[in-house]
Amino acid sequence: MSKFSSFVLLLILLNTSIGTAFSHSKDNEYHFTVKSGDSLSKYFSKLGLSNRLLANLLSASKQNQQLNQLNIGEKITIRLHTNRHFKSLSHKPHNKKSLEVVLLGTRFTNKSNINQTESRPLSTTTVVIDNSFGYDAQRAGLSLNTINTVVEALSWRLDFNSDLHKGDRFFIISDGSKQPVGIVYKGGNKRIEAFSYAGSHNQSLYYDRYGYTLNSSFLRAPLKYKRISSKFQLKRYHPILKTYRPHRAVDYAATHGTPVHSTADGVVTLKDWKGALGKAIIIKHGAHYTTVYAHLSKYSPSLRKGKEVKKGQVIGYVGSTGRSTGAHLHYELRYKGTRKNPLSHKLPIQKKISRAELWKFRSQVNKVLASL
Ligand SMILES: [Zn+2]
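Only a predicted model underlies this, so the values are computations on that prediction, with no experimental measurement involved.

Counting its regular elements, the protein chain contains seven helices and 23 strands. Expressed as a percentage of its 372 residues, the buried residues of the protein chain come to 31%. Within the protein chain, contacts between residues separated by at least 24 positions form 57% of all contacts whose residues are at least 6 apart in sequence.

Strand order in the open sheet formed by five strands is β7-β8-β9-β10-β11, and the pairing between neighbours is antiparallel. Edge positions in the sheet fall to β7 (123-128) and β11 (205-207), since each of these pairs with one other strand and no more. Within the sheet, the average angular offset between the axes of one strand and its neighbour, ignoring direction, is 20°. Where strand β8 (residues 169-174) lies against strand β9 (residues 182-187), five bridges are found, and the strand directions are antiparallel. For Phe 171, the partnering residue across the bridge sits in β9 and is Val 184. The strands touched by helix α6 (residues 144-154) are β8, β9, β10 (190-197) and β11; relative to β9, the strand with the most contacts, the crossing angle is about 70°.

On to the pairing of β8. Across six bridges, the pairing between β7 and β8 is antiparallel. Bridge pairing links Val 128 to Arg 169 in β8.

A few words now on the environment of Leu 54. Relative to the assigned elements, Leu 54 resides in helix α3 (residues 51-59). Judged by the 19 C-beta atoms lying within 10 Å of it, Leu 54 is partly exposed. Here the alpha-carbon distance between Leu 54 and Ser 41, two residues 13 residues apart in the chain, equals 7.1 Å. Other than its neighbours up to four places away in sequence, Leu 54 contacts Leu 40, Ser 41, Phe 44 and Leu 49.

Here is what the cut-offs are and how they apply
Numbering of residues starts from 1 in every chain and runs along the sequence as written. With the structure being a predicted model, the display of local features is reserved for residues of pLDDT at least 70 and the display and counting of side-chain atom pairs for 80 or more, all residues being used for whole-chain, interface and lining totals. A run of H or I in DSSP counts as a helix once it spans at least four residues, and a run of E counts as a strand once it spans at least two, with each numbered from the N terminus. Neighbour counting defines burial: a residue surrounded by 20 or more other C-beta atoms within 10 Å of its own C-beta is buried, one with 12 or fewer is exposed, and intermediate counts give partly exposed, using backbone-placed C-beta atoms. A pair of residues counts as a contact when their C-beta atoms, built from backbone coordinates, are within 7 Å of each other. Two strands are counted as paired when DSSP detects at least two bridges linking them. Interaxial angle, 0 to 180 degrees, is taken between N-to-C directions of lines fitted to C-alpha atoms, where a helix line uses only the stretch in contact.

So, in structure tokens, the structure goes:
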């Protein structure tokens, strides 16, 4: 038989098998195994369900779009009410999460996220600090990937270089998937918790138990200023040095003594005289951001190197120390060590789980905490 005729025969076989491509096990429950050329609309029309319903289902969440691409051999189950109206659909793809979509009233809801964590047993890896987090975590058997995830998730609340002490403990809770479902740090009198949640937007982030991401948002400016006296620019004439040099910062002209605020939650990594910057403060925010505040007249008395600061907290006062011609604040924003324009750089924002999904998130949190 030629290649072409065997291809035609295959097509005929596939076509004839489509007619028997689903089985009807229980009342109102229909099982389909995806065959070549199949699509969800084919199954819907077979069951007398409208294209409009299908369109609504597909657009109800990002996750549902996986239903646009069915692969041969995958299983689809559609359940109907006794009046033949749509009840639910489940899809078991080869390499992705299973999906279950339920129609409640007129709204499609995804149950996959709950089912995922409910069906998988949780296991906890404990890391006790003896040396450094990276070293001790590897000894406890965590992968480099997981170690990075933990550092990224907790860095907004914990400085891994200066905050850790011997005997501090990390609990990494896993359900067997790539990312930990929960991370708990206990040290001294501090406890930090982070819970992974994907939600309907399907982007997995870490939240505290109240449903807020651990990162803080940034203030637009660190002080009440009169005007911006120098923007972020690559060539600026320097009035003291009398040369053109880059100014990778923003200068805010303000009255001497104006309070300066930390633009986000973070940890103080420098509170000292720093050459041309004069009296300066550097604050680390999470794993990737730092801000610099320079030419201060004085520091806030409560400010300590290595200590946490909150967004909006007063850290110092405007002055003209270091290489400066008048009272102003020199403010820098660094991302992964590179100075960025604070007026235009897209900054992280704190996200919050929607009220509609909070119960689902809470039940997940309770389950993770119960496993400790
Ligand atoms: Zn400046």
